[in-house]
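# Coordinate analysis (summary)
Residue-level listing of the chains:
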Amino acid sequence: MPRPGQGNVTGAVSPAYGLVCMTVGPELHFRTITLSRYRSLDAAARLAALRSLYADNTARLKSAAAYCAARGIRLFRMSAALYPVLDLIGEGTGYDVLSELAPQLRAAGQAFMDAGIRVLIHPEQYIVLNSERSEVRASSLHQFMTHAEVMDRLGFGRTPYHCMILHGGKGGRANELTEIIRDLPDAARLRLALENDEYAFGPADLLPVCQATNTPMVFDAHHHIIHDKLPDQDHPSVREWVLAARATWSPPEWQVVHLSNGAQGPQDRRHSQLIGDLPGAYFDVPWIEVEAKGKEDAVLALMERGNRGK
């Protein structure tokens, strides 16, 4: 059984603060290749390049489990760019390489599960499932399913415990989003979580979609106060939305929220280096992804702050 944050959502809890993708230090960084560079290679060179890159990134992903476990970090957001060019339509080289690396992928996923570390993924913002343009919808679905395939190959279950987080997409198209979600293949639908954003989908826009499709909502207080032009994250509505979002999670102990501060004040979209303002509304949230430029420094500082408060 996956381990939620210590405590429970009805009383005091020691939250699991999550590391997002990489470290500021050299420990967790992943290789990449540009699309133009990849396309400049012949078939043999493409295969060799992806074999090397995917093997290195899979090994580094496995090392992320040990890195987090050694520091007591129990939540990790896996990079959505771990396997570049995998989602190229009509190009199967990436999938061939992943199949060759099947034992290594399974071992990487198992390392997180053995350490009791929850793994999530937040695919790119240009995935817009409810776009007005059919070609964008088709491309978005293909990309989203590629991420679901990676989660499957790592051995992560098809539940919101290992959620794949998307924004609502095209504003004003909540009904279309609802219908698309209902038709998603299980590998994506059963892992899907939706996050409110700064402009198109505030929590009030997103909640009906989540309720209609049994999709959990990842509440982001920073996005909420920008969207609703509120003074700070201690506004009473933040707590109201934490609780409303919690009701979309089954079980509620799996609830995830996002935490960030504006670099130059509450309305600044840019993330600060560390977290100076921790909203009181998050006092009993079990899982908190920390979106700060300081990466592990921000996470470890929050953990130390929590330890001092005990």
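Before any of the text, the structure's been laid out above.
Let me sum up the structure you'll find in this document.

Basis of the calculations
- Residues numbered from 1 in each chain as written.
- Predicted model: local features only at pLDDT ≥ 70, side-chain atom pairs only at ≥ 80, totals over all residues.
- Heavy atoms only, no water.
- Helix = DSSP H or I, 4+ residues; strand = E, 2+ residues; numbered from the N terminus.
- Rg over C-alpha atoms; globule rule 2.2 N^0.38 Å.
- Buried < 20%, exposed > 50% of the residue type's maximum accessible area, 1.4 Å probe, protein only.
- Contact = heavy atoms within 4.5 Å.
- Areas by Shrake-Rupley, 256 points an atom, 1.4 Å probe, with all protein chains shown as cover.
- Lys, Arg positive; Asp, Glu negative; His and termini not counted.
- Charge placed at Lys NZ, Arg CZ, Asp CG, Glu CD.
- Salt bridge = Lys/Arg side-chain N within 4 Å of Asp/Glu carboxyl O.
- Expected span 1.5 Å × (residues − 1).
- Pairing = 2+ DSSP bridges.
- Phe/Tyr/Trp six-rings, centres within 6.5 Å; stacked < 30°, edge-to-face > 60°.
- Lys NZ or Arg CZ within 6 Å of the ring centre and 35° of its normal.

The number of helices and strands found in the protein chain is eleven helices and ten strands. In terms of overall size, the protein chain behaves like a compact globule, its C-alpha atoms giving a radius of gyration of 19 Å where 310 residues would be expected to give roughly 19 Å. Based on the C-alpha atoms only, the size of the protein chain along its principal axes is roughly 60 × 45 × 40 Å. Burial statistics for the protein chain: of 310 residues in total, 51% are counted as buried. Considering only intrachain contacts with a sequence separation of at least 6, the fraction spanning at least 24 residues in the protein chain is 75%. Entry remark: accessible area of the protein chain is about 13,400 Å², with carbon and sulfur atoms responsible for 52%. Computing the positive centroid from 32 side-chain charges and the negative centroid from 35, the protein chain places the two 4 Å apart.

Under the defined criterion, the tally for this structure stands at 16 salt bridges. Ionic pairing is found between Glu-100 and Arg-51, a salt bridge with its closest N-O pair at 2.9 Å. In this pair, Glu-100 sits in helix α3 (residues 93-100) while Arg-51 sits in helix α2 (residues 43-71), placing the two residues 49 residues apart along the sequence. Of the charged contacts in the structure, one is a salt bridge between Arg-153 and Glu-149, with a shortest N-O distance of 2.7 Å. With a gap of four residues between them, Arg-153 and Glu-149 both fall in helix α5 (residues 134-154), about one helical turn apart. On the basis of relative accessibility, which here comes to 21%, the residue Arg-153 falls in the partly exposed class. Residues joined in a network through salt bridges with shared partners are Arg-77, Glu-289 and Glu-291.

Further remarks concern the environment of Leu-98. You can see Leu-98 is positioned in helix α3. Residue Leu-98 is classed as buried on the basis of its relative accessible area, which comes to 0%. Separated by 43 residues in sequence, Leu-98 and Ala-55 place their C-alpha atoms 8.8 Å apart. If sequence neighbours within four positions are ignored, Leu-98 has contacts with Tyr-54, Tyr-83, Leu-86, Leu-105, Val-150 and Arg-153.

Along an α-helix, residues three or four positions apart point the same way, because every turn accommodates 3.6 residues. Between its first and last C-alpha atoms α5 spans 31 Å; for 21 residues at 1.5 Å apiece the expected length is 30 Å, and the two agree. A positive backbone phi angle near 90 degrees is found at Gly-155, which sits one or two residues after α5.

So, about the pairing of strand β4 (residues 75-78). It is a general feature of regular strands that their side chains alternate between the two faces of the sheet. Burial along β4 is two-sided: Leu-75 and Arg-77 facing one way and Phe-76 and Met-78 facing the other are all buried. Relative to β4, strand β3 (residues 16-20) runs parallel, the two sharing three bridges. Within β4, the position partnered with Leu-19 by the bridge is Phe-76. As judged from the four bridges shared by β4 and strand β5 (residues 118-121), these two strands associate in the parallel manner. Across the sheet, the residue bridging to Met-78 is Ile-121, located in β5.

Bringing the pairing of strand β8 (residues 217-220) into the picture now. Because side chains alternate across β8, one face comprises the buried residues Met-217 and Phe-219, and the other comprises Val-218 and Asp-220, equally buried. Two elements, strand β7 (residues 192-195) and β8, share two bridges in a ladder whose sense is parallel. Residue pairing in the sheet places Glu-195 in a bridge with Val-218 of β8. Pairing of β8 with strand β9 (residues 256-259), which is carried by two bridges, proceeds in the parallel orientation. Each bridged residue has a counterpart across the sheet, and for Phe-219 the counterpart in β9 is Val-257.

This structure, assessed with the given rule, holds four aromatic pairs. The interplanar angle of 15 degrees and the centroid separation of 5.6 Å between the aromatic rings of Phe-76 and Phe-112 together place this pair among those described as stacked. You can see Phe-76 sitting in strand β4 and its partner Phe-112 sitting in helix α4 (residues 102-114), a full 36 residues away along the chain. Ring geometry for Tyr-161 and Trp-287: centres 6.1 Å apart, planes at 90 degrees, overall edge-to-face. Taken together, the residues Tyr-161 in the loop between α5 and β6 (164-167) and Trp-287 in strand β10 (residues 287-290) connect sequence positions 126 residues apart. Take Tyr-161 and Trp-287: they sit in the same class, and that class is buried. Members of the aromatic cluster, each reached through a chain of ring pairs, are Tyr-161, Trp-254 and Trp-287. Its guanidinium or amino end placed over the ring of Trp-287, Arg-118 lies 5.1 Å from that ring's centre, counting from NZ or CZ.

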